[in-house]
Amino acid sequence: MAATRSSEFGDLVQIKKQLISIIAQCKERGLVHSVKWASELAFSLDPLPLNEIPPPPELTEEDAQDLDALCLAKSYFDLKEYDRAAYFLRGCRSQKAYFLYMYSRYLSGEKKKDDETVDSLGPLEKGQVRNEALRELRVELSKKHSAGELDGFALYLYGVVLRKLDLLKEAVEIFVTATHALPLHWGSWLELCNLITNIEMLKSLSLPDCWVRDFFMAHMYTELQMIKEALQKYQSLMEAGFAKSTYIISQIAVAYHNIRDIDQALYLFNELREQDPFRIENMDTFSNLLYVRSMKPELSYLAHNLVEIDKYRVETCCVIGNYYSLRSQHEKAALYFQRALKLNPRCLGAWTLMGHEYMEMKNTSAAIQAYRHAIEVNKRDYRAWYGLGQTYEILKMPFYSLYYYRKAHQLRPNDSRMLVALGECYEKLSQQVEAKKCYWRAYSVGDVERMALLKLAKLHEQLNESDDAAQCYIIYIQDIFSCGEQLEHAEVSTALRYLGQYYFKNKLYDEASLCAQRCCDYNDAREEGKALLRQISAVREQGEPSSTDLSLPCVFNPLSNNTTPVRRVSPLDLSSVTP
């Protein structure tokens, strides 16, 4: 089944035929997730006329011989009686029967492992139970592979076995071979996604030239936090004819969630729920957005709605966990994240969120364990690295937290929160030059929490670099006022207080007076503002003139630390600002 390349996706009829064909093949082999992915895509394309629908593939002699055993085994397989299915397939010779035989043995081992895990262990010791069938399967599949007898599906299974045995390098090679042997099987591409750690590794792989590759690249860009490229890719896929695909809409929503464009992500998730109201996948991500926005009624509605659909799904448990967390019921929240992990120990979001809950409950050792599990599942999860950094910061171990914050920063180079955290670490380790660089960079990439300049100004203040501190305070105040945030901002008064004293020392009495007047608008700075105004009038009564030295504060020179670029700022004009 050749998958024709079509970067413009010119022949949608051909793509639809290929999708129908791969759906049938995956169904026969019990690969339910690949069936679902291909079916969702096929559903978003126009239906084919009767004469265009592809016929089922012709049976070989071996297929015909194994037909009865295969039908019987598949019925047991569908009822999750994997050992029974494998027993009736053990002598079969066709490719299809061989795959189902090996896959049944693999799933039997996984089921036993999961049962044992749930019976014997708490959710934090998941890694210690192994699938006993893996080693045997690897030996048998390896022999067949050396003889060149594995088709695309069997190669996929071989790759999964290698990944489960932590033979990651070999697994990558096998999955790449599997995508060449059977480019339309999404399972192989998805497994490959989980093993690629950076863009260099992605570029080094030789992948088949097929339309599925575009979906893979878009998915990969999202995973590697290259959101701009991912969005461009998904946009071009929608324009190519997949505009109705709920899979693509959900992926775009996740991409916006990753760059914290919360409004756009919320809009897309609401759109998705209208089109597919019983959908459960990605709803945990939707609940994260509602949590960040503190949208209690909406989160409560979502949780109730998912419980009605299926209360024993991982995503449902995560949504309920988020709901309790928003209500500050952290023990209950942690309980639901644990329930999610009993259902699926490889659920990345639940490990990370459980870490957050343990942090709230001041249980740092459990938080560290949970974050480490999240990283085991996916080394690209910046939230888990960041969480570990925070935990070690609480434990007053700045060298450790610096290591973890650096990891988080490498994964999210343009996220100001990672940079501010790094700056704070460097400050604690008395590496002021590094701290300054981090704070300035955090401001330059767009400081979401508006803390970087403030911290930079305070650092300059501690180091007696008064001109630099004043400059940062000026930009900080202008930023706060220009974005129209609440002026009862605790730290505006700090900035005004400092600037008032700074201008006074430099004999710029008009500016000092203006800052002092503004200080009077804030409770915590009122007395100091009044005192400064009295000082200014005393000095003026003695007839001391204002300084006319323009090299000083109003239009500042670049900061003395020449690693820190600075924009020229006009004198601080507070007259237009009414608190």
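Before reading on, note that the structure itself is shown above.
Residues numbered from 1 in each chain as written. Predicted model: local features only at pLDDT ≥ 70, side-chain atom pairs only at ≥ 80, totals over all residues. Heavy atoms only, no water.

### Remarks on the packing of aromatic side chains
Taken as a whole and assessed by the stated rule, the structure comprises 29 aromatic pairs. An angle of 55 degrees between the planes, with centres 6.0 Å apart, marks the rings of phenylalanine 99 and phenylalanine 153 as tilted. With phenylalanine 99 in helix H5 (residues 95-120) and phenylalanine 153 in helix H7 (residues 152-164), this pair connects stretches of sequence that are 54 residues apart. Both residues of the pair, phenylalanine 99 and phenylalanine 153, belong to the buried class. Considering the side-chain rings of phenylalanine 215 and tyrosine 247, the 6.3 Å spacing of their centres and the 45 degrees angle between planes classify their relative orientation as tilted. Residue phenylalanine 215 is located in helix H11 (residues 212-223), and its partner tyrosine 247 is located in helix H13 (residues 246-258); the two are separated by 32 residues in the primary sequence. Its relative accessible area of 0% is what places phenylalanine 215 among the buried residues. An aromatic cluster of three or more residues is present, and its members are Trp37, Trp186, Trp211, Phe215, Phe242 and Tyr247. (Phe/Tyr/Trp six-rings, centres within 6.5 Å; stacked < 30°, edge-to-face > 60°. Helix = DSSP H or I, 4+ residues; strand = E, 2+ residues; numbered from the N terminus. Buried < 20%, exposed > 50% of the residue type's maximum accessible area, 1.4 Å probe, protein only.)

### Some thoughts on empty space enclosed by the protein
Applying the stated criterion across every chain yields a total of one cavity of 30 Å³ or more. Size it by volume and the largest cavity reaches roughly 30 Å³. Counting only elements with at least two residues in the lining of the largest cavity, the list comes to helix H27 (490-505) and helix H29 (526-541). At three residues, the largest contribution of residues to the lining of the largest cavity is made by H29. For the lining of the largest cavity, the residue count by class is two nonpolar, two polar and two charged. (1 Å grid on protein atoms, 1.4 Å probe; cavity = no way out; pocket = protein on both sides within 12 Å on 5 of 7 lines; lining within 4 Å. Points joined across faces, edges and corners; volume = space filled by probe spheres on them. Nonpolar A, V, L, I, M, F, W, Y, C, P; charged D, E, K, R; others polar.)

### Observations regarding the layout of surface pockets
Space inside the second largest pocket adds up to approximately 920 Å³. Contributing to the lining of the second largest pocket are 29 residues, with Arg260, Val292, His356, Tyr386 and Arg417 lying nearest its centre. Within the residue set of the lining of the second largest pocket, elements represented by two or more residues are helix H15 (283-292), helix H17 (314-326), helix H19 (348-360), helix H21 (382-394) and helix H23 (416-428). A class-by-class count of the residues in the lining of the second largest pocket yields 15 nonpolar, six polar and eight charged.

### Section: H29
An ideal rise of 1.5 Å per residue puts 22 Å on 16 residues; H29 measures up with 23 Å between its terminal C-alpha atoms. Restricting attention to buried positions, one finds in H29 the residues Gly529, Leu532, Ile536 and Val539. Looking straight down H29, one finds that the buried residues subtend no more than 90 degrees of arc, so they occupy a single side. Among the exposed residues of H29, those oriented more than 90 degrees off its buried face are Glu527, Arg534 and Glu541. (Expected span 1.5 Å × (residues − 1). Arc of directions from axis to C-beta.)

### Let's talk about the packing of H19 against helix H20 (residues 364-377)
Where H19 meets H20, the closest approach of the two axes is 8 Å, and the angle between their N-to-C directions is 165 degrees. Considered as vectors, H19 and H20 are oriented roughly antiparallel to each other. Judged by the sense of rotation from one axis to the other, the crossing of H19 with H20 is left-handed. Contact residues: Leu348, Trp351, Thr352, Met354, Gly355, His356, Tyr358 and Met359 in H19; Ala366, Ala367, Ala370, Tyr371, His373, Ala374 and Val377 in H20. Taken together, the residues of the contact of H19 with H20 sort by class into eleven nonpolar, four polar and no charged. (Axes fitted to C-alpha atoms, helices over the stretch in contact; angles between N-to-C directions. Parallel < 35°, antiparallel > 145°, perpendicular 65-115°, else oblique. Left-handed = near helix turned anticlockwise from the far one by under 90°. Contact = heavy atoms within 4.5 Å.)

### Observations concerning the pattern of salt bridges
Per the stated rule, a full pass over the model turns up 28 salt bridges. Where arginine 105 meets glutamate 140, a salt bridge forms, and the shortest distance between an N and an O atom there is 2.9 Å. Of this pair, arginine 105 sits in helix H5 while glutamate 140 is found in helix H6 (residues 134-146), placing the two residues 35 residues apart along the sequence. Overall, glutamate 140 belongs to the partly exposed group, its relative accessible area being 29%. Of the charged contacts in the structure, one is a salt bridge between aspartate 415 and arginine 412, with a shortest N-O distance of 3.2 Å. Its relative accessible area of 6% is what places aspartate 415 among the buried residues. (Salt bridge = Lys/Arg side-chain N within 4 Å of Asp/Glu carboxyl O.)

### Describing the environment of tyrosine 158
One can find tyrosine 158 in helix H7. On the accessibility criterion, tyrosine 158 (7% relative accessible area) is buried. As for tyrosine 158 and phenylalanine 175, which are separated by 17 residues in sequence, their C-alpha atoms are 8.5 Å apart.

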